[in-house]
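# Structural overview for review
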Amino acid sequence: MPGLLGKKIGMTSVFSADGKNVPCTVIEAGPCVVTQVKTVEKDGYKAVQLAFGEKKEKNTTKAMMGIFKKAGTTPKAHLAEFKFDEELNLGDTVTVDILADAEFVDVVGTSKGKGFQGVVKRHGFGGVGQSTHGQDDRLRRPGSIGACSYPAKVFKGMRMGGHMGCDRVTTQNLKVLKVIPEHNLLLIKGSVAGCNGSTLLIEK
């Protein structure tokens, strides 16, 4: 499905037509440059590679510089492929105007990293036992994780403490509140995954 890359600016709120205060996320969507065109004859599938965000030439590999020079653009930081119905050529610019008629979009981002977390924060456990009878240090412990005699192992998928965050998160069916083409801005109802300044992938 068609889409483009963008950057999360932050959150604000706008008033709807009926006077309600609606929280929304501000996204700088595009402009994105077409750096590769995939065809069924050559690549086995049809897609368009879009690039977003500036990058220094000294931090770009020679192979990627060849792709950017062929498209006639400066080095870009982020690349992604989308399936467009219309035909696009190398070097074409895709702006937020493609979302002007979209009512809902899917937004893909990377969630904030929270490091190593216990089961209460990571999985929403309620805690074990009570704080009396010598259990004052076990309130946020996970409790039993399996039998010791049989099967004498911990099953795969057991919810335990561990690394939390830094995951690819897709938020579906977010309502498009407003498109501001002159500033490449997109206002979406609600929140999306990621910190301010992080790269987002917006699909129509």
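Since the structure is predicted, the reported quantities are computational estimates derived from the model, not experimental observations. (Residues numbered from 1 in each chain as written. Predicted model: local features only at pLDDT ≥ 70, side-chain atom pairs only at ≥ 80, totals over all residues. Heavy atoms only, no water.)

## Quick look at the overall build of the protein
The helix and strand inventory of the protein stands at three helices and 12 strands. Computed over its C-alpha atoms, the radius of gyration of the protein comes to 23 Å, more than 25% above the 17 Å expected for a compact globule of 204 residues. Along the three orthogonal principal directions, the C-alpha set of the protein runs to about 70 × 50 × 35 Å. Looking at the 204 residues of the protein, the share that counts as buried comes to 32%. Relative to all contacts within the protein whose residues are 6 or more apart in sequence, the contacts with residues 24 or more apart total 67%. Of the roughly 12700 Å² of accessible surface on the protein, a fraction of 51% belongs to carbon and sulfur atoms. (Helix = DSSP H or I, 4+ residues; strand = E, 2+ residues; numbered from the N terminus. Rg over C-alpha atoms; globule rule 2.2 N^0.38 Å. Buried < 20%, exposed > 50% of the residue type's maximum accessible area, 1.4 Å probe, protein only. Contact = heavy atoms within 4.5 Å. Areas by Shrake-Rupley, 256 points an atom, 1.4 Å probe, with all protein chains shown as cover.)

## Things to note about the pattern of salt bridges
For the structure shown, the criterion picks out five salt bridges. Between Asp 101 and Lys 204 there is a salt bridge, and its shortest N-O distance comes to 3.1 Å. In this pair, Asp 101 sits in the loop between strand E6 (93–94) and strand E7 (104–110) while Lys 204 sits in the segment after strand E12 (199–203), placing the two residues 103 residues apart along the sequence. Taking the relative accessible area as the measure of exposure, Asp 101 reaches 61% and is therefore exposed. Its relative accessible area of 34% is what places Lys 204 among the partly exposed residues. (Salt bridge = Lys/Arg side-chain N within 4 Å of Asp/Glu carboxyl O.)

## Some points on the layout of surface pockets
Rolled over the atoms, a probe as big as a water molecule pinpoints where empty space is left. Size it by volume and the largest pocket reaches roughly 180 Å³. Around the largest pocket sit Thr 35, Gln 36, Val 37, Lys 38, Lys 42, Asp 43, Ile 67, Lys 70 and Leu 90, which together line it. Those elements giving two or more residues to the lining of the largest pocket turn out to be strand E3 (32–38), helix H1 (40–43) and helix H2 (62–71). When grouped by side-chain class, the residues that make up the lining of the largest pocket number three nonpolar, two polar and four charged. (1 Å grid on protein atoms, 1.4 Å probe; cavity = no way out; pocket = protein on both sides within 12 Å on 5 of 7 lines; lining within 4 Å. Points joined across faces, edges and corners; volume = space filled by probe spheres on them. Nonpolar A, V, L, I, M, F, W, Y, C, P; charged D, E, K, R; others polar.)

## Focus: H2
For an α-helix, 3.6 residues make a turn, and residues three or four places apart therefore share a direction. Of the positions making up H2, those classed as buried are Met 65, Ile 67, Phe 68 and Ala 71. With its buried residues spanning 160 degrees around the axis, H2 presents them on a single face. Turned more than 90 degrees off the buried face of H2, the exposed positions are Lys 62, Ala 63, Lys 69 and Lys 70. Where H2 is buried, its residues touch E3, strand E4 (47–54) and strand E5 (76–82). Among the residues trailing H2, Gly 72 stands out with phi positive, at a value near 70 degrees. (Arc of directions from axis to C-beta.)

## Remarks on the sheet that holds E7
Read around the barrel, six strands follow the order E1-E2-E11-E10-E7-E12 and close on themselves; strand pairing throughout is antiparallel. Neighbour-to-neighbour, the strand axes of the sheet open up by a mean angle of 50 degrees, direction not taken into account. Two strands pair when backbone bridges link them, and strand E1 (residues 3–15) and E12 are joined in this way by five bridges, in the antiparallel orientation. Looking at the pairing, Leu 4 lines up with Ile 202 of E12. (Pairing = 2+ DSSP bridges. Axes fitted to C-alpha atoms, helices over the stretch in contact; angles between N-to-C directions.)

## Examining a nonpolar patch on the surface
Taken together, the side chains of Val 154, Met 158 and Met 160 present a nonpolar region at the surface, about 220 Å² in accessible area. Positionally, Met 160 belongs in the loop between helix H3 (119–123) and strand E9 (162–164). Overall, the relative accessible area of 34% leaves Met 160 in the partly exposed class. (Patch = residues over 30% accessible without salt bridge, like charges linked within 9 Å, V, L, I, M, F, W, Y side chains within 5 Å.)

## A short note on the sheet that holds E6
Across the sheet, which stays open at both edges, the four strands sit in the order E5-E4-E3-E6 with antiparallel pairing between neighbours. Across the chains shown, the open sheet's two edge strands, defined by having one partner strand only, are E5 and E6. Taken together, the two bridges between E3 and E6 define a ladder with antiparallel strand orientation. Looking at the pairing, Cys 32 lines up with Val 94 of E6.

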